[in-house]
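Residues per chain are reported as follows:
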Amino acid sequence: MTAADLTFRSPATLAEALTELAGDEDAIAVGGGTSVALLLKHGLIEPRRLVWLGRVGGLGEIQAGPDGSLAIGATVTLRELAASAPVRRLAPALAEAAGQVGNPRVRAMATVGGALAHADPRQDLPPALLALAATARIAGPAGEREPPLAGFYTGFMETVLAPAELVTQVNVPAGPGRRSVYLRFTPASEGDFPVIGAAAAVLRDAGGLVTGAALALAGAGPVPLLIPAAGELAGRMPAEADIEAVAAAAAAAATAVSDQRGSARYKQAMAAEWTRRALRACLE
Ligand SMILES: Cc1cc2nc3c(=O)[nH]c(=O)nc-3n(C[C@H](O)[C@H](O)[C@H](O)COP(=O)(O)OP(=O)(O)OC[C@H]3O[C@@H](n4cnc5c(N)ncnc54)[C@H](O)[C@@H]3O)c2cc1C
């Protein structure tokens, strides 16, 4: 197949986009195209129709609710997400994750929907959204649904998205008193994927008691990993030993394989270390 065999569509409405996708099993959605372009170039996908979402109305906005929740449209770019004042204020882990993806060229094009659907387990956005208990609104031929992100990833580069379904919005619930952080480690250039990324979100009451906590990792397995042990910080004034228990759980949960970024054992140790750092940053 050559580029000449490819049809490019740019629907103006969600209904049109869904029709384009549902009507052709060789059609794929395109957000910013940063991954699609590479997959096409290397012959890893062979779609016949590219359905670009950039012109679809209503998907490009970030809205902050009066309660402090966030509704983020699927075609918001990672550059817009990183720079958004409400996102930086209400969900700093998300802005920090978006601001560290790849390089400025990638961030200018890549979209929130693409960053979720691509489902490479080393991606930066998914752990931040998992720690923030986000949900993904999905539209498709069968209607709309909004699963929690915690169940969105089903395997290596696999998600709950059925053919012709689109992510249309990501919703981050309000978290009064919540602190959140995203930290990542890459030994290569700044633009490289992280070896390990760690997102933490901690809610505390006025007295400093933790009322809720979540920790999620990138690069620690075939899917972004939520570490349930972080939830056990709730009801405590966490001490270093409590953080250490979550770090040990993160290392135990990490199932990353050995590759050019490090051995499986090294990645387990890094999962523990970046868990400690992310939790300490939220609790200090
Ligand atoms: C040089 C380079 C460096 C990178 N470094 C990093 C990094 O450090 N950290 C990191 O996290 N990522 C990194 N990435 C990956 C980057 O995050 C993804 O390429 C990007 O997020 C994908 O978004 P996109 O909008 O361009 O998606 P596209 O390339 O348009 O699409 C990707 C996939 O998502 C699907 N899709 C797109 N939008 C939707 C939607 N709304 N609903 C359903 N499916 C959809 C497409 O069909 C396709 O399967 C890097 C990429 C490059 C090219």
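Bear in mind that the values here come from a model prediction, so they are computed numbers and not experimental data. (Residues numbered from 1 in each chain as written. Predicted model: local features only at pLDDT ≥ 70, side-chain atom pairs only at ≥ 80, totals over all residues.)

Q: Help me understand the overall build of the protein in this model?
A: Per the secondary structure count, the protein includes 10 helices and 14 strands. Taking 284 residues into account, the globule formula puts the C-alpha radius of gyration at 19 Å, and the protein, at 19 Å, falls close to it. Judged by the C-alpha coordinates and their principal axes, the protein covers about 60 × 45 × 35 Å. Across the 284 residues that make up the protein, the buried fraction comes to 45%. Look at the contacts in the protein between residues 6 or more apart in sequence, and 62% of them connect residues 24 or more apart. (Helix = DSSP H or I, 4+ residues; strand = E, 2+ residues; numbered from the N terminus. Rg over C-alpha atoms; globule rule 2.2 N^0.38 Å. Buried ≥ 20, exposed ≤ 12 C-beta atoms within 10 Å, placed from the backbone. Contact = placed C-beta atoms within 7 Å.)

Q: What should I look at first to understand helix α5 (residues 92-100) in this one?
A: Owing to its 3.6 residues per turn, the α-helix aligns residues three or four sequence positions apart on the same side. Of all 9 residues in α5, 7 are buried, a share of seventy percent or more. Following α5 by one or two positions, G102 has its phi on the positive side, about 50 degrees.

Q: For this particular structure, what's the right way to read the environment of Q268?
A: Along the chain, Q268 turns up in helix α10 (residues 264-283). Note: C-alpha distance between Q268 and L39 (229 residues apart in sequence) is 29 Å.

Q: Quick question: what am I supposed to make of the sheet that holds strand β13 (residues 210-218) here?
A: Across the sheet, which stays open at both edges, the 4 strands sit in the order β11-β12-β13-β14 with antiparallel pairing between neighbours. With one partner strand each, in any of the chains shown, β11 (178-185) and β14 (225-226) form the two edges of the open sheet. Pairing of β13 with β14 involves 2 bridges; the strand directions are antiparallel. Looking across to β14, one finds that A216 is bridged to L226. Contacting β11 and β12 (196-204), α5 crosses the sheet at an angle of about 20 degrees to β11. Against the sheet, α10 contacts β11, β12 and β13, and its axis sits at roughly 30 degrees relative to β12. (Pairing = 2+ DSSP bridges. Axes fitted to C-alpha atoms, helices over the stretch in contact; angles between N-to-C directions.)

Q: I would appreciate a short explanation of the site of the ligand in the present structure.
A: In the neighbourhood of the ligand, 30 residues make up the surrounding shell, with G31, G32, G102, G113 and G114 lying closest. Taken together, the elements giving at least two residues each to the shell around the ligand come down to β2 (27-30), α2 (34-41), α6 (104-109), α7 (112-117) and β10 (166-172). A class-by-class count of the residues in the shell around the ligand yields 17 nonpolar, 12 polar and 1 charged. If you count residues domain by domain, the shell around the ligand takes at least three from each of domain 1 (3-52) and domain 2 (62-172). (Near = placed C-beta within 6 Å. Nonpolar A, V, L, I, M, F, W, Y, C, P; charged D, E, K, R; others polar. Domains from an automatic or database assignment.)

Q: What am I meant to see in the packing of helix α9 (residues 240-253) against α10 here?
A: A packed helix pair is summarised by two numbers, namely the angle formed by the two axes and the spacing between the axes. Where α9 meets α10, the closest approach of the two axes is 8 Å, and the angle between their N-to-C directions is 145 degrees. Where α9 crosses over α10, the two elements pack in a sense that is right-handed. Within the contact between the two elements, α9 uses I243, V246, A247, A248, A250 and A251 and α10 uses Q268, A269, A271, A272, T275, R276, L279 and R280. Residue composition of the contact of α9 with α10, by class: 10 nonpolar, 2 polar and 2 charged. (Left-handed = near helix turned anticlockwise from the far one by under 90°.)

Q: What is the right way to look at the pairing of β13 in this model?
A: Residues in a regular strand point their side chains to alternate faces of the sheet. Among the 9 residues that make up β13, 7 are buried, leaving the element largely enclosed by the rest of the structure. In this antiparallel pair of consecutive strands, β13 and β14, the connection spans 6 residues, and G219 shows a positive phi of 80 degrees.

Q: How should I be thinking about the sheet that holds strand β4 (residues 62-64) in this particular structure?
A: The strands making up a sheet associate through backbone hydrogen bonding, with each pair oriented either parallel or antiparallel. Spatially, 5 strands are ordered β4-β5-β10-β6-β7 in an open sheet, and the strand pairing comes out antiparallel. In this open sheet, the two edge strands, each paired with only one partner strand, are β4 and β7 (143-145). Strand after strand, the sheet turns through a mean of 15 degrees between neighbouring axes, direction not considered. Of the strand pairs in this sheet, β4 and strand β5 (residues 70-73) are connected by 3 bridges, and their pairing is antiparallel. For Q63, the partnering residue across the bridge sits in β5 and is A71.

Q: So what exactly am I meant to see when it comes to the nonpolar core here?
A: Side chains of a nonpolar character, in soluble globular proteins, are inclined to be buried together. A93, L94, A131, A199, A200 and L215 are the most contacted members of the largest nonpolar core, which totals 87 residues. When residues in this core are grouped by element, the largest group, 8 residues, is from α10. Among residues more than four places away in sequence, those in contact with L215 are A131, A198, A200, I227, A230, V246, A250, T275, A278 and L279. (Core = buried A, V, L, I, M, F, W, Y, C linked by C-beta atoms within 7 Å.)

Q: Could you clarify how one ought to interpret α10 in this entry?
A: For α10, built from 20 residues, the straight-helix expectation of 28 Å at 1.5 Å per residue is met to within 8% by its first-to-last C-alpha distance of 29 Å. Looking at the buried positions of α10, the neighbouring elements they touch are β11, β12, β13 and α9. (Expected span 1.5 Å × (residues − 1).)

Q: What is the right way to look at the environment of P173 in this model?
A: With respect to the element layout, P173 can be found in the loop between β10 and β11. In this structure P173 touches S69 and A133, once residues within four positions along its chain are discounted.

Everything listed here is a matter of geometry and, on its own, says nothing about what the molecule does.
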